[in-house]
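# Residue-level structural notes
As a plain string of letters, each chain reads:
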Amino acid sequence: MPAAISTNNSSAKMVSEVRPNDVFISYSRRDKEFVQQLDSAFRKLNRDPWVDWNDIQPSEDWWQAIEAGIEAAETFVFVMSPDSVISQVCRQEVEHAVNHNKRLLPVVRREGFAIQDVHPSLSRHNWLFFRETDDFNQAFQLLIKALDTDLGHVRAHTRLLVRAIEWDKKDRNDSFLLRGTDLEEAEDWLNQSAGEQPEPTQLQKEYIAGSRKAETARQKAEIRQQRMFITGIGVFTLLSVGAAVAAFIQWQAADRLSNENKILAEKNMLLLNLPNAYEAILEDQVNFLRSKIREAARAGRSARALQSEIYRSESISPVRYAELKKAARNLMNEWLQAKQEIFAPPFNTRRLEELTTGARLERARLAVHWLQLNNAYFKYGESKISDFRIVSVNGDQIVCEAEETEAVTYYTNSKQSPTDQGGTRRTRYIMEKEDGRWKISDSQTINND
């Protein structure tokens, strides 16, 4: 029996069945009584530690379960004692945690070990003391506080690590890659990870880069298909426009002869002769043209003038739509990140003018002025955007919506307001292009559940 082992409650589980846990506890069997006390304290707070209470002989399946448990845990807790620091199994567990950039929290249960026997990665971290002479409850509160520090970053690290490892073990099959919102959030996390602990692993970076490469290829393929489809529609649309304009010319002549029913019958015959695949699209086109025909007839305009107007109208291409969507989302992210320096010292109004214009700029200026007069400011924490979509595009104006989640605290005279200012809300933004740069001209909260 090994001197120190730590596995799941059921080490026989397959790796793919291991679910995420708050902590993985690595310890010597001689410290089992203390670990049971630690496990009980965790579970009273609805925390779910990875601990083994059975004497299990090492095997290939056993070690795979250990690796998966470490990979899926948010934090690696190492119970330090003279037995655990010299245990080969415990050292292997530490090595696996370090190789995957897991957050390490060493806790000292029993002293008397040689410093040179301690793994170098454990020596670089602050130790929490749970000796028999220490207050367990006080030490446990410090441990919980450490676990909850930068929790959003740590959980994202764990989630992406588990998925990246699965992708790697499946021979990097594209079906395991990130897409859509998952990919965008992963890229945002990677961009914001500079200086954060734990750091992204090389595998995570390759996983996100591979996901973006596959997503770009998929989008390009969709665009090619859309272009082929649009080209086909364009051909038939031109035919329908030509047919409708010809019908309008005939209708004008027929109107003078009071023969409208005959012209409508001829137009129906044109539709019946078109391919069934485009029938619905052409029906919309003809209905639109009919309304234009009636408007033009009432205004006394010629068929040639109507034809010129129809040919001048155009829609936004898929490529242009993707560019506008990216620009709008980036501007929203810039705005959320810039609030900390706009609505708090140094009250950076220059940055405000770079990002906003019109009504939104004026309201923000008034807010900044009021905060300065009243010795007040806002402090912003973690923020993110989800469920982003474009509502409409009209020339140099974009209307878009998104779910915004912000952690906001209000301070006045250096005292924190008891009322929470943050939360999640759905916001609609109006953006306009000014001097070649997109800016927010107005915004409105749609709901605030």
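Predicted, not measured: the structure shown is a model, and the values here were computed from it.

### Some remarks on helix H7 (residues 180–191)
The end-to-end C-alpha distance of H7, which contains 12 residues, comes to 17 Å, matching closely the 16 Å that a straight helix rising 1.5 Å per residue would cover. Looking at H7, one finds that the buried residues are Leu 183, Ala 186 and Trp 189. The arc that holds the buried residues of H7, viewed along the axis, is 125 degrees, so those residues lie on one side.

### Let's talk about the pattern of salt bridges
Inspection of the entire model under this criterion finds 30 salt bridges. The salt bridge partner of Arg 437 is Glu 334, with a shortest N-O separation of 3.6 Å. Separated by 103 residues along the polypeptide, Arg 437 in strand S10 (residues 437–447) and Glu 334 in helix H12 (residues 318–342) bring together distant segments of the chain. For Arg 437, a relative accessible area of 33% puts it in the partly exposed group.

### Here's the deal with the nonpolar core
In terms of nonpolar packing, the biggest core is built from 30 residues, with Met 332, Trp 335, Phe 343, Phe 388, Cys 400 and Met 431 touching the most fellow members. Mapped by element, the contributors of at least two residues to this core are H12, helix H13 (349–355), helix H14 (358–373), strand S6 (376–394), strand S7 (397–412), strand S9 (423–434) and S10. Among the elements that take part in this core, H12 stands out by supplying eight residues, more than any other. Membership of the second largest hydrophobic core comes to 21 residues, among which are Ile 25, Tyr 27, Phe 130 and Leu 143.

### Side note on unusual backbone geometry
Cis geometry is found at the peptide bond from Pro 345 to Pro 346, where omega equals 15 degrees. As for its placement among the helices and strands, Pro 346 is situated in the loop between H12 and H13. Here Arg 172, not a glycine, exhibits a phi torsion of approximately 55 degrees, which is positive. By secondary structure assignment, the location of Arg 172 is in the loop between helix H6 (151–169) and H7. When its relative accessible area of 35% is taken as the criterion, Arg 172 is described as partly exposed. In this model, Asn 375 sits at a positive phi of 50 degrees, which is unusual for a non-glycine residue. Of the residues examined, Asn 375 reaches a relative accessible area of 47% and is grouped as partly exposed.

### Observations regarding helix H3 (residues 88–99)
Over its 12 residues, H3 runs 16 Å from end to end, which matches the ideal 16 Å to within 8%, given 1.5 Å per residue. For H3, every residue scored as buried is listed here: Val 89, Cys 90, Glu 93, Val 94, His 96 and Ala 97. Down the axis, H3 shows its buried residues gathered within 160 degrees of arc, on one side only. Away from its buried face, by an angle of more than 90 degrees, H3 presents the exposed residues Gln 88 and Asn 99.

### Side note on the packing of helix H1 (residues 32–44) against helix H5 (residues 136–148)
Contact geometry for H1 and H5: axes closest at 12 Å, N-to-C directions at 60 degrees. The angle between H1 and H5 falls in the class oblique. The element H1 and its partner H5 pack so that their crossing is right-handed. On H5, the residues touching Phe 34, Gln 37, Leu 38, Ala 41 and Phe 42 of H1 are Phe 136, Phe 140, Leu 143, Ile 144 and Leu 147.

### Focus: the environment of Trp 63
Positionally, Trp 63 belongs in helix H2 (residues 60–72). Sequence separation between Trp 63 and Glu 93 is 30 residues, and the spatial gap between their C-alpha atoms is 9.4 Å. For Trp 63, the contacting residues outside a window of four places in its chain are Gln 92 and Glu 93.

### Some words on the confidence of the model for the protein
Per-chain confidence: the protein averages 77 in pLDDT, with 72% of residues scoring 70 or above. Ignoring residues within four places in sequence, the model shows residues 1–19, a span with pLDDT below 50, making 58 contacts including any to other chains. Under a pLDDT of 50 for its full length, residues 270–282 has, in the predicted model, 15 contacts with residues more than four places off or in other chains.

### Here we look at the pairing of S7
In the sheet, S6 pairs with S7 via 14 bridges, with the strands oriented antiparallel. Across the sheet, Val 393 pairs through a bridge with Ile 398, a residue of S7. Between S6 and S7, which pair antiparallel and follow one another directly, the connecting turn spans two residues, one of which, Gly 395, has a positive phi of 65 degrees. Looking at chain direction, S7 and S9 are connected through 10 bridges and run antiparallel.

### A word on the sheet that holds strand S2 (residues 49–50)
Read across the open sheet, the five strands follow the order S2-S1-S3-S4-S5; overall the sheet is parallel. Pairing within the sheet leaves two strands with one partner each, and these edge strands are S2 and strand S5 (128–129). Where strand S1 (residues 21–26) and S2 come together, two bridges link them in parallel fashion. The residue bridging Val 23 from the neighbouring strand is Pro 49, located in S2. Along the sheet, H3 contacts S1, strand S3 (73–80) and strand S4 (103–108); its crossing angle with S3, the most-contacted strand, is approximately 145 degrees.

### Describing the packing of aromatic side chains
Across all of its chains, the model carries 14 aromatic pairs by this definition. Both rings, one in Phe 130 and one in Phe 136, keep their centres 5.5 Å apart while their planes meet at 70 degrees; by these two values the pair is edge-to-face. Relative accessible area serves as the criterion here: at 2%, Phe 130 is assigned to the buried category. Measuring from ring centre to ring centre gives 5.9 Å for Phe 136 and Phe 140, while their planes differ by 10 degrees; the resulting arrangement is stacked. Of this pair, Phe 136 and Phe 140 both sit in helix H5, four residues apart, roughly one helical turn. Overall, Phe 136 belongs to the buried group, its relative accessible area being 17%. Given the relative accessible area of 5%, Phe 140 is considered buried. An aromatic cluster is defined as three or more aromatic residues linked by ring pairs; in this entry it consists of Phe 34, Phe 42, Phe 130, Phe 136 and Phe 140.

The rules we used
Residues numbered from 1 in each chain as written. Predicted model: local features only at pLDDT ≥ 70, side-chain atom pairs only at ≥ 80, totals over all residues. Heavy atoms only, no water. Helix = DSSP H or I, 4+ residues; strand = E, 2+ residues; numbered from the N terminus. Expected span 1.5 Å × (residues − 1). Buried < 20%, exposed > 50% of the residue type's maximum accessible area, 1.4 Å probe, protein only. Arc of directions from axis to C-beta. Salt bridge = Lys/Arg side-chain N within 4 Å of Asp/Glu carboxyl O. Core = buried A, V, L, I, M, F, W, Y, C linked by side-chain atoms within 4.5 Å. Axes fitted to C-alpha atoms, helices over the stretch in contact; angles between N-to-C directions. Parallel < 35°, antiparallel > 145°, perpendicular 65-115°, else oblique. Left-handed = near helix turned anticlockwise from the far one by under 90°. Contact = heavy atoms within 4.5 Å. pLDDT = per-residue confidence, 0-100. Pairing = 2+ DSSP bridges. Phe/Tyr/Trp six-rings, centres within 6.5 Å; stacked < 30°, edge-to-face > 60°.

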